[in-house]
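Residue strings, one per chain:
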Amino acid sequence: MREPFLVPVFSMLGLLAACGAEPPANPAERPAEPVVPSNASDATPTDAQTTPTGTAPADAAAAEPAAPDTTADPTPTIPGSTLHVVALREGAVDLFVHRQAPVLSLEGEPVPWVKGRFVPEPNGARGLPPSFEPMAHIGFTRAMGGDSQAPLPTWVTLETIYDRAGARYDVHRRDGDRWRPVERTKGPIVAHYHAYVEREGALLGLQVWSPTEESYYDESEDEESIAAAAALERALKRARPTWVRLVGAEVPMPKIPAKTALTGAVTTSDGTLYAITERRSEDSPHRLLRWRPGGVDAESVVVPGLDRTYEASLSTSGDWVLAHGGIEGEGEGQADEAYLAIGHADAWERIPMPLPLGDRDMPPNVLAASRAPNGELWIALGVRDLPMGGEPVPVWRKPVDGAWEAVPLPRVELGAFGPSKTWIFEGEHGRNTWVEHEREPIDHSSTRVVGLTWAAGAIWVALQLDGDSADHGPRSVVLTNDPTATAVTVLPPVWKTELERANAASGSAKPGERGCDSFTVVLGPASLATEHPERVDAVDAIEVEDVMQPVSTIYVAELGGAKVLATRSQVSSPAEAEAVRKAVAAVVGTEVELVCHNPMLETVVKSH
């Protein structure tokens, strides 16, 4: 059974970390397509295991991509309230900030803002695993970070949540031109970095422990399993969250008070570290902790109303810190008002939010907030970790000395993502072959905001529209109020990201083995289709005993620098793969090649 892979920016316990043209087949040369509309506000673009253990190395090698644009004036003219589209993707995106510029995450792959558009880096996802998890409920980028010297984030934590188990976390570190997994286990528990913060020239990770995947899924009631569950409980009680220096200068490490769990952390421009504690009960509410620059001991900061929140997160804008979430009402777990407080140094203020929200099925909750340098406030309403539904009016803005006002969102039509029909590759979630897909209509009533932040002199907003079955989740839109950002970039769709990562992960597997049970049959040169069309028809009609899919769509692709005629086959053993090879060779009249790599479709010769 398959569930959509959705990526909200903020989770229920989380940190504020922050939708076509198709790229070339070679993932090392897959830039996004810029489309420059005449009016950006209503633009419609056309389709044109290495496992380190223990503490991470102090100076992990960083990638050398193009540096993001961070040349914005530190006190720029504040743009207006009109939001317009700058990026689209069939699939989910996360929104982060690195070196004061916006960065998107495509299932862990950072996509920076460079010279007026979001540009995927060559090999930007190399080493990251295929992101679509068959049994997952939702998944997203939990956190992303890098030191100030790295052009792009060099650490990423991916979170996958299952319906009948807890979450699984995967940490990856950028090492040269690829990502490598980072894992530290202690018996039944494994560590991950729940947040990344930069402090005094060092990148710190908030190390948190959780059960290993095997521990989560052992639900047996035999004596051995009961003992394992008890051992897991003991291990979790002993494990303490700690700050770990990942890269950069040697700095005094902040101490986390005993019996304290942190759910998110930020640093301000002056190096002050703030973190919010986990709410465990009414008697143990959310609290804000602060570590002054160079300090190692935490101080409690009194924030008006924070102790009443059932859900709370942090964000930062310069020297300002914003705490936001929802206030618990009379009913258990229900909020009767949205919550926002801002602080600077020792001065904190709760911001009244008399929003005309009307009747609602869900309680109001501020999932993201930001402050412009002139004091203007922006918020996004929504519910974390809920992969459905949305807010009728999700984005609000409060001008300096003004009242809260709703911010209209531009309407994105289906044609913005490309033609109504397109060829895509259905992976393990479908038929494991190339199919013609008709894009499904957009239901605008389910639009939801998953990220909002201030960066590079403007506000940035990440939206999720309703999903298409081919997208494993939502169709995404990125907005900004930056008037100079006029190009609309169509980012690689999630099915293509999956294909590229699956190609990279196939490694040395052989056809029919695990990791290559779905493979490409190279029939010969592309000219075979025109010179011997009868052979193509014969291949299309091939049947092999016990093989459900010996051949599928026949198409022209580029492989190894040559144009070839290819089809895809799916088997369950190397013996079946060999049977397919022999059957196809007998029909074609020459030897055929089986390869695990799945080349990008260029022209369809015969649909199957």
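Worth saying up front: this structure is predicted, and the values here are computed from it rather than measured. Residue positions are given per chain, counted from 1 along the sequence in the order it is written. Only residues with pLDDT of at least 70 are given local features in this predicted model, and only at 80 or more are side-chain atom pairs given and counted; all residues enter the totals for whole chains, interfaces and linings. Hydrogens are left out, water is left out, and the side-chain values use all remaining heavy atoms of the structure.

## Observations regarding the pairing of strand S2 (residues 84-90)
Then, number 1: Burial within S2 is extensive, with seven of its seven residues counted as buried.
Then, number 2: Relative to strand S31 (residues 473-480), S2 is paired through six bridges, and the arrangement is antiparallel. Paired with histidine 84 across the bridge in S31 is threonine 480.
Then, number 3: Note that S2 and strand S32 (residues 488-490) share two bridges and pair parallel. Across the sheet, leucine 88 pairs through a bridge with valine 490, a residue of S32. Buried means the residue's accessible area, taken with a 1.4 Å probe over protein chains only, is under 20% of the maximum for its type, while exposed means over 50%, and partly exposed covers the values in between. Strands are runs of DSSP state E lasting at least two residues, helices are runs of H or I lasting at least four, and both sets are numbered from the N terminus onward. Following DSSP output, two strands are said to pair if at least two bridges run between them.

## Topic: the pattern of salt bridges
Then, number 1: The working definition used for a salt bridge is a side-chain nitrogen of Lys or Arg within 4 Å of a carboxyl oxygen of Asp or Glu. Inspection of the entire model under this criterion finds 26 salt bridges.
Then, number 2: Note that arginine 290 is salt-bridged to glutamate 299, the shortest N-O span being 3.0 Å.
Then, number 3: Overall, the relative accessible area of 27% leaves glutamate 299 in the partly exposed class.
Then, number 4: Of the charged contacts, one joins arginine 308 and glutamate 337 as a salt bridge, the two residues approaching to 3.7 Å between their closest N and O atoms. Placement of the pair is arginine 308 in the loop between strand S18 (299-301) and strand S19 (309-317) and glutamate 337 in strand S21 (residues 335-344), with a sequence separation of 29 residues.
Then, number 5: Taken together, the shared-partner salt bridges connect Arg290, Arg292, Glu299 and Asp346 into one network.

## Considering the packing of helix H5 (residues 533-540) against helix H6 (residues 574-588)
Then, number 1: Between H5 and H6, the shortest axis-to-axis distance is 9 Å and the interhelical angle comes to 155 degrees. As the angle between them shows, H5 and H6 are arranged roughly antiparallel. When the axes of H5 and H6 are compared, the crossing they make is right-handed. Residues Arg535, Ala538 and Val539 of H5 touch H6, and the partners they reach there are Val584, Val587 and Val588.
Then, number 2: Think of it as three bins: nonpolar holds Ala, Val, Leu, Ile, Met, Phe, Trp, Tyr, Cys and Pro, charged holds Asp, Glu, Lys and Arg, and polar takes everything else, Gly as well. Tallied by class, the residues present in the contact of H5 with H6 amount to five nonpolar, no polar and one charged. Axes here refer to lines fitted to C-alpha atoms; in helices the fit is confined to the stretch in contact. Angles between the N-to-C directions go from 0 to 180 degrees. With respect to orientation, any angle under 35 degrees is reported as roughly parallel, any angle over 145 as roughly antiparallel, any angle of 65 to 115 as roughly perpendicular, and every other angle as oblique. Handedness of a crossing follows from how the near helix is turned relative to the far one, being left-handed for an anticlockwise turn of less than a right angle and right-handed for a clockwise one. Contact criterion: two residues are considered in contact whenever any of their non-hydrogen atoms come within 4.5 Å of each other.

## Some remarks on the confidence of the model for the protein
Then, number 1: Per-residue pLDDT for the protein averages 83, and the proportion of residues at 70 or more is 82%.
Then, number 2: In the predicted structure, residues 1-65 sits below a pLDDT of 50 and forms 228 contacts with residues beyond four places in sequence or in another chain.
Then, number 3: Across the chain, each position has a pLDDT score giving the predictor's confidence in that residue, from 0 to 100. Taken together, the stretch residues 70-75 has pLDDT below 50 and engages in four contacts with residues farther than four places along the chain or on a different chain.

## Here we look at H5
Residues three or four positions apart in an α-helix share a direction because the helix packs 3.6 residues into each turn.
Then, number 1: Along H5, the residues that are buried comprise Val536, Val539 and Asp540. Looking straight down H5, one finds its buried side chains confined to an arc of 100 degrees; they lie on one side.
Then, number 2: For H5, the secondary structure elements touched by its buried residues are strand S33 (518-525), helix H4 (528-531), strand S34 (554-559), strand S35 (562-570), H6 and strand S37 (601-606). By construction, the arc corresponds to the directions joining the helix axis to the C-beta atoms.

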